[in-house]
Amino acid sequence: MGWLHSLFSPLKKLWIRLHSAHKKSRGIYILYEDVKSCPYEDVHVLWSILVDAHPPALPPTKCSKI
């Protein structure tokens, strides 16, 4: 039975890591569905201002010295 645990343990860790990272990277976009379903134009305007003020983070780039 130990071999079964050793087979599924890394897969379980990978599954948890992938899904937890996805939740962390969502940021303010968790509210997107609520804002999209709202009938008021003011809410949509405020949402667009918020999204424009916080652009998605770009992955860090490595600087190479010449």
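Computed from a prediction, not measured in an experiment: that's the story for all the values here.

(A) Main features of the overall build of the protein. Across its full length, the protein holds three helices and zero strands. Evaluated residue by residue, the protein yields a buried proportion of 5% over its 66 residues. Summed over all atoms, the accessible surface of the protein reaches about 6,700 Å², with 68% contributed by carbon and sulfur.

(B) Inspection of a nonpolar patch on the surface at higher detail. Together, Trp3, Leu4, Leu7, Phe8 and Leu11 make up a nonpolar patch on the protein surface, roughly 540 Å² of accessible area in all. Structurally, the position occupied by Leu4 is in helix α1 (residues 2–24). We classify Leu4 as partly exposed; its relative accessible area is 30%.

(C) A look at the packing of aromatic side chains. All chains considered together, the criterion is met by one aromatic pair. Arranged with centres 6.3 Å apart and planes meeting at 45°, the rings of Tyr32 and Trp47 form a pair that is tilted. Taken together, the residues span a long stretch of sequence, with Tyr32 in helix α2 (residues 32–37) and Trp47 in helix α3 (residues 41–53) at a distance of 15 residues. You can call Tyr32 partly exposed: its relative accessible area is 37%.

(D) Fine view of the confidence of the model for the protein. Here the protein averages 75 in pLDDT, while 67% of its residues score no lower than 70. Here α1 stands out as the least confident element of the protein, with mean pLDDT 72; α3 is the most confident, with 88.

Quick notes on the rules
Per chain, residues are indexed from 1 in the order of the written sequence. It should be noted that, the model being predicted, local features are given only for residues of pLDDT at least 70 and side-chain atom pairs only at 80 or more, the latter also being counted only at that level, while totals for whole chains, interfaces and linings use all residues. Side-chain metrics in this entry use all non-hydrogen atoms of the structure; hydrogen atoms and water are not considered. Numbered from the N terminus, helices here are DSSP runs of H or I no shorter than four residues, and strands are runs of E no shorter than two. The classification of residues rests on relative accessible area computed with a 1.4 Å probe and restricted to protein chains. Under 20% of the type maximum is buried, over 50% is exposed, and intermediate values are partly exposed. The Shrake-Rupley method, run with a 1.4 Å probe sphere, supplies the accessible areas, and residue values consider only the shown protein chains as cover. Distance thresholds for patches are 9 Å for like charges and 5 Å for nonpolar side chains (Val, Leu, Ile, Met, Phe, Trp, Tyr), applied to residues having over 30% relative accessible area and no salt bridge. In what follows, salt bridge is the name for a side-chain nitrogen of Lys or Arg lying within 4 Å of a carboxyl oxygen of Asp or Glu. Between 30 and 60 degrees the pair is tilted, below 30 it is stacked and above 60 it is edge-to-face, where a pair is any two Phe, Tyr or Trp rings, Trp via its six-membered ring, whose centres lie within 6.5 Å. Confidence of the predictor at the level of single residues is captured by pLDDT, which takes values from 0 to 100.

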